[in-house]
Every structure is written in structure tokens, then in C-alpha cells.
Amino acid sequence: MARVFIKTMRTVYFDYNATTPLDPHVREAMLPYLGEIWGNPSSVHRVGRQARALLDEARDRAAAVLSCKPSEIIFTSGGTESNNLAIFGAARSLRSKGRHIITSAVEHHAVLNCCEYLAKNEGFELTVLPVQPDGTVTLDALKNALRSDTILVSIMAANNEIGCVQPVAELGALCREKGVLFHTDAVQWFGKEPFENIGQFNAELVSLCAHKIHGPKGAGLLFAESPLRPGPILFGGGHENERRAGTENLASIIGLVEALERFVKEPVFSREQLAH
């Protein structure tokens with residue numbers, strides 16, 4: 001009788017820049033918010049007030065990790081929405097001061113497409129900075145591109161395709177010196193690069209999301225330095241201090257905060273391990 005051998009296939013997953021598996025501790029922290037704690041944080045009754053208190057606590061916890069004010073945190077549906085809110089919200093709010101915006105050629109499409117839309121449809125002028133062979137933007141390139149009517153610069157902190165790390169602290173410091181708003185898409189930074197506090201980026205606007213650091217998909221936040229108030233891009237309610245309409249996804253927000261606390265201050269992906 002012929003023998004039949006069945007080979008068992010095993011998946012080895014390397015695409016952690018695309019997404020990471022949900023950490024078991026993060027999943028466990030989320031579970032109560034998928035069951036017994038189900039209220040709408042905007043409701044005025046007891047069930048809603050309980051959810052609101054826990055949302056406020058989550059915001060405080062996130063602020064403690066980032067070393068910022070709780071009021072400077074806007075919870076979003078992820079990195080794409082955080083980038084859209086930063087760029088559309090800031091550019092439209094500042095258009096009376098100028099209509100020139102700057103980004104780089106290697107940004108995620110969640111940034112590039114926003115900038116291109118503003119240039120094509122809303123009368124903004126866009127400068128796309130070239131990068132060096134290693135993918136980085138030079139300080140001189142940004143310095144030469146800045147104009148008197150420049151209102152916003154958006155340069156990512158770390159690239160999702162080739163992994164290059166941009167000199168965002170220096171780029172942001174130049175923007176502050178010139179009085180220009182600076183946004184950084186830091187989605188790929190958190191959990192991989194050393195993090196001390198949100199001020200290290202020298203950015204008024206910083207985007208991050210949960211699923212790159214073993215948190216849930218569909219959860220992110222935008223840091224918006226006080227007193228900056230980017231105009232909303234979603235309408236329909238006074239959620240997130242009237243900056244982002246839509247009932248807060250409390251379970252995913254808890255997952256985001258749990259992942260921030262576990263995997264950011266001490267990066268979950270250590271440089272030593274990655275080097276080997």
C-alpha cells in the first residue's frame with residue numbers, strides 16, 4: 001500500500017510594518033469593554049457616565065505615556081485618520097495666513113494624498129521635497145523650501161517601506177524657529193525607536209496608531225499641542241472636545257492605551273534584536 005505524506009505548512013510572518021498580532025494582555029484588557037461595559041461615553045445616564053469616566057481615565061493614561069496634557073489627545077480610528085485630521089485640519093484652519101505646504105516624496109499615502117488633494121482642489125501650493133539615497137530629507141532642503149507663506153510641513157518620523165529614520169527633531173526645530181506648524185507621521189516610530197516624551201519630535205502634531213505595536217486595528221490618536229485646534233474633518237457631534245465627531249470606540253481605545261503603556265517606553269522591537 002502506498003503511503004501518503006502530508007506536509008504541514010508553517011507561516012513565518014515578517015511584515016510587522018504592515019501590522020502586528022494583538023498582544024494577549026492587550027486583548028484581555030479590552031474584553032470587559034466588549035461585554036459588560038458597553039455604554040456610549042456621550043450619554044448622560046449612569047451607563048454612559050461610567051463609560052465616559054473610563055474614557056477620561058484612558059486619555060489620562062495615554063497622556064502619562066506621552067508626557068502631554070490629556071486635552072492634547074484626540075482619539076481617532078487609526079494612523080490614516082490622524083494624518084488626515086492633522087493635515088486637512090491644520091491647513092484649512094491656517095489658510096488665511098498662507099497656502100503653501102511642504103511634505104516629502106517618501107511619505108505614506110495618508111499624507112501625500114491629503115497634500116495633493118489640497119493642492120488640486122482647495123488652492124494650496126505644494127512642495128514635495130526630494131530625499132537622499134538613504135531616503136532622508138536634509139535640513140538644507142527644508143530650509144530652502146520654506147517661504148513666508150508656508151503654513152504646514154509634514155515629514156514622517158520613520159518610513160514604512162525602507163525603514164529610514166528622518167531627523168524630525170532638527171526639522172521640527174527649524175519649523176518652530178520660522179513659525180511654521182510641523183506635523184510628523186510617527187506611526188512606524190513607536191515601539192521601535194527610543195521614546196522619552198512627545199516633545200522630542202519638536203512637532204505640534206504627531207500621529208500614531210495601535211496595530212503597529214500589538215494593539216487593535218482601528219485605533220489611533222493625534223497629539224495636537226495646546227492651544228492648537230485643527231479643524232474637524234468629521235461632523236455630527238461634539239465628541240473629542242468638538243474635534244472629531246463620532247462615538248468613541250472605547251474597547252479599541254483601551255487596547256491602544258494598554259499597548260502604549262506596554263510597548264513604547266521600552267520599545268517592543270529592540271534595536272539589538274533587530275540588528276541580529
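A separate point is unusual backbone geometry. Outside of glycine, negative phi angles account for most residues, and trans bonds account for most peptide bonds. Residues Ser226 and Pro227 are joined by a peptide bond in cis, for which omega reads 5°. Considering the arrangement of structural elements, one finds Pro227 in the loop between strand S7 (220-224) and helix H7 (239-242). One non-glycine residue with positive phi stands out, namely Glu242, at about 65°. Mapped onto the elements, Glu242 comes out in helix H7. Accessibility expressed as a relative area gives 58% for Glu242, which makes it exposed.

Here we come to the packing of helix H3 (residues 79-93) against helix H4 (residues 109-121). When two helices pack together, their arrangement is given by the angle between their axes and by how far apart the axes lie. The N-to-C vectors of H3 and H4 enclose an angle of 30°; their axes lie 9 Å apart at closest approach. Relative to H4, the element H3 is oriented roughly parallel. Here the hand of the crossing between H3 and H4 comes out right-handed. In this structure, H3 contributes Thr80, Asn83, Asn84, Ile87, Phe88, Ala91 and Arg92 to the contact, and H4 contributes Ala110, Val111, Cys114, Cys115, Tyr117 and Leu118.

Now for the pairing of strand S3 (residues 125-129). One ladder, built from five bridges, connects strand S2 (residues 100-104) with S3; its direction is parallel. Following the sheet pairing, Ile102 is matched in S3 by Thr127. In this view, the connection linking S2 to its parallel neighbour S3 by way of H4 has right-handed handedness.

Our next topic: the pattern of salt bridges. Using the criterion set out here, one finds twelve salt bridges in the structure. Two residues, Arg52 and Asp56, come together in a salt bridge whose shortest N-O distance is 3.0 Å. Here the residue Arg52 and the residue Asp56 both occupy positions in helix H2 (residues 46-66), the gap between them amounting to four residues, near one helical turn. Taking relative accessible area as the criterion, Arg52 reaches 40% and is therefore assigned partly exposed. In this structure Asp56 comes out as partly exposed when scored by relative accessible area, which is 31%. The partner of Arg61 in a salt bridge is Glu258, with the nearest N and O atoms 3.1 Å apart. Of this pair, Arg61 sits in helix H2 while Glu258 sits in helix H8 (residues 250-263), and the two are 197 residues apart along the sequence. Where salt bridges share partners, they join Arg61, Glu258, Glu261 and Arg262 into one cluster.

Rules of the game
Residues numbered from 1 in each chain as written. Predicted model: local features only at pLDDT ≥ 70, side-chain atom pairs only at ≥ 80, totals over all residues. Heavy atoms only, no water. Helix = DSSP H or I, 4+ residues; strand = E, 2+ residues; numbered from the N terminus. Buried < 20%, exposed > 50% of the residue type's maximum accessible area, 1.4 Å probe, protein only. Axes fitted to C-alpha atoms, helices over the stretch in contact; angles between N-to-C directions. Parallel < 35°, antiparallel > 145°, perpendicular 65-115°, else oblique. Left-handed = near helix turned anticlockwise from the far one by under 90°. Contact = heavy atoms within 4.5 Å. Pairing = 2+ DSSP bridges. Right-handed = clockwise from strand over helix to strand, strands pointing away. Salt bridge = Lys/Arg side-chain N within 4 Å of Asp/Glu carboxyl O.

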